[in-house]
Amino acid sequence: MSDKLRVGVLGATGMVGQRFIQIIANHPWFEVTTVAASPRSAGKTYAQAVEGRWKMDQPIPDSVKDLVLYDVNEVEKVASTVDFVLSAVDMKKDEIKAIEEAYAKTETPVVSNNSAHRWTPDVPMVVPELNPEHFDVIPFQKKRLGTTRGFIAVKPNCSIQSYAPALFALKEFEPQEVVVSTYQAISGAGKNFAEWPEMEGNIIPYIGGEEEKSEQEPLRIWGKVEDGVIKKCENGPKITSQCIRVPVLYGHTATVFVNFKKKPTKEQILEAWKNFKGEPQELNLPSAPKQFIQYLEEDNRPQVALDVNYEGGMGVSMGRLREDSLFDYKFVGLSHNTLRGAAGGAVLCAELLTAKGYITKK
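Bear in mind the structure is a predicted one, so any value in this text is a computation, not a measurement.

Turning our attention to the overall build of the protein chain. In terms of helices and strands, the protein chain carries twelve helices and 14 strands. The globule rule puts the C-alpha radius of gyration for 362 residues at 21 Å, and the 20 Å found for the protein chain is close to it. Of all 362 residues assigned to the protein chain, the portion counted as buried reaches 59%. Counting contacts in the protein chain only where the partners sit at least 6 residues apart, residues at least 24 apart contribute 77% of the total. Carbon and sulfur atoms provide 49% of the accessible area of the protein chain, an area that totals close to 15,100 Å². For the protein chain, the centre of its 43 positive side-chain charges and the centre of its 47 negative side-chain charges are spaced 2 Å apart.

Dropping the structure here:
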């Protein structure tokens, strides 16, 4: 019997589900023991279910190939086989809310990549380096759900990882106004070029719901736990954004313009980024980047082709920091959207929840 925690992946056949499986294949703390997906995939082996649509660069891990898929709606059955689940289900938002709560009520912790519960008041939405204290809301959520170990935790939108950490590291200078444009990879839509050939050589200046997430989610991360719920930061920076789909497979790039209440020097900004770290670094968690934020001096960096896999895709890269004629400063950010921004960020949340004792063996 393995000492590792048993993980179930909900929505295991989709792109984020595949990324979960790839990440955990050699994880020192976790092992995928159960895979679940839609009823049409149930009963097939994992290899059969993803035949012709496996999107990762590496082959399907041998440890998962022959696992037989459960119907994700068989909540009790799936929950009985695992210590916690990672959720990447592809359903309508109200259905995701319901099924994730159903899993939590079986006393199974749920760490979700989905957006459905990001604004549920007692559900923590966490970037582990930025706001781990939001996990303190979990006991209040358990009380509402009537559970002793079951709960839901989520990670934020993938695109904000390309700029929110850089702004968060500069909190002492009080960012006031932020204009951000994100240039988002097609894998953020769960697709590759074979499935979306019209994206080759193309740009689409609209991604449904992304601008609202880009403008509001950082303010929830900036917020505080009060009276058993997370209160959005009302005096945080005002953010306006545009989100654009570009012909890149992996990597979300952001251009950022920012005004501060207390304008720092360029040297202070670079020092803050270089020295910024959080609990994942202090605890040396398995997926944590050693250096969370790197700054690249070259004028033509960061580049997707050169920098998207920095720190195994779990670090974020900044470049082109300079003063601006209208704003105090402008810079460019880059993050890996399916690693730091999606599956990897959720796994890092699960590691921190394990280190804090929220996730344990059943």
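We are not done yet, so read on.
What follows concerns the pattern of salt bridges. Throughout the structure, instances matching the rule amount to 16 salt bridges. Here Arg144 ties to Asp122 by a salt bridge, and the two come within 2.6 Å at their closest N and O atoms. You can see Arg144 sitting in helix H6 (residues 138-145) and its partner Asp122 sitting in the loop between strand E5 (110-112) and H6, a full 22 residues away along the chain. With a relative accessible area of 7%, Asp122 lands in the buried category. With its nearest N and O atoms 3.8 Å apart, the salt bridge here joins Glu210 to Lys213. With Glu210 and Lys213 both in helix H8 (residues 210-221) and three residues apart, this pair spans about one turn of that helix. Taking relative accessible area as the criterion, Lys213 reaches 22% and is therefore assigned partly exposed. Through salt bridges that share partners, Glu101, Asp122 and Arg144 make up one connected network.

With that settled, the discussion passes to the sheet that holds strand E4 (residues 84-87). Pairing between the strands of a sheet is mediated by backbone hydrogen bonds and can be parallel or antiparallel. Strands sit in the order E3-E2-E1-E4-E5-E6 across an open sheet of six strands; the sheet is parallel. One side of each edge strand has no neighbouring strand; the edge strands of this open sheet are strand E3 (70-71) and strand E6 (152-154). In terms of strand pairing, E5 meets E6 through three bridges, oriented parallel. Each bridged residue has a counterpart across the sheet, and for Val110 the counterpart in E6 is Ile152. Lying over the sheet, helix H1 (residues 15-24) contacts strand E1 (5-10), strand E2 (30-37) and E4, oriented at roughly 160° with respect to E2. Contacting E1, E4, E5 and E6, helix H5 (residues 93-104) crosses the sheet at an angle of about 150° to E5.

In spatial order, the strands read E10-E7-E11-E14-E13-E12; together these six strands make up an open sheet with mixed pairing. Two strands bound the open sheet, and with one partner strand each, they are strand E10 (238-245) and strand E12 (293-296). The average angle at which neighbouring strand axes cross in this sheet is 20°, direction not considered. In this structure, strand E11 (residues 252-260) lies alongside strand E14 (residues 329-335), joined through seven bridges in antiparallel fashion.

Conventions and cut-offs
- Residues numbered from 1 in each chain as written.
- Predicted model: local features only at pLDDT ≥ 70, side-chain atom pairs only at ≥ 80, totals over all residues.
- Heavy atoms only, no water.
- Helix = DSSP H or I, 4+ residues; strand = E, 2+ residues; numbered from the N terminus.
- Rg over C-alpha atoms; globule rule 2.2 N^0.38 Å.
- Buried < 20%, exposed > 50% of the residue type's maximum accessible area, 1.4 Å probe, protein only.
- Contact = heavy atoms within 4.5 Å.
- Areas by Shrake-Rupley, 256 points an atom, 1.4 Å probe, with all protein chains shown as cover.
- Lys, Arg positive; Asp, Glu negative; His and termini not counted.
- Charge placed at Lys NZ, Arg CZ, Asp CG, Glu CD.
- Salt bridge = Lys/Arg side-chain N within 4 Å of Asp/Glu carboxyl O.
- Pairing = 2+ DSSP bridges.
- Axes fitted to C-alpha atoms, helices over the stretch in contact; angles between N-to-C directions.

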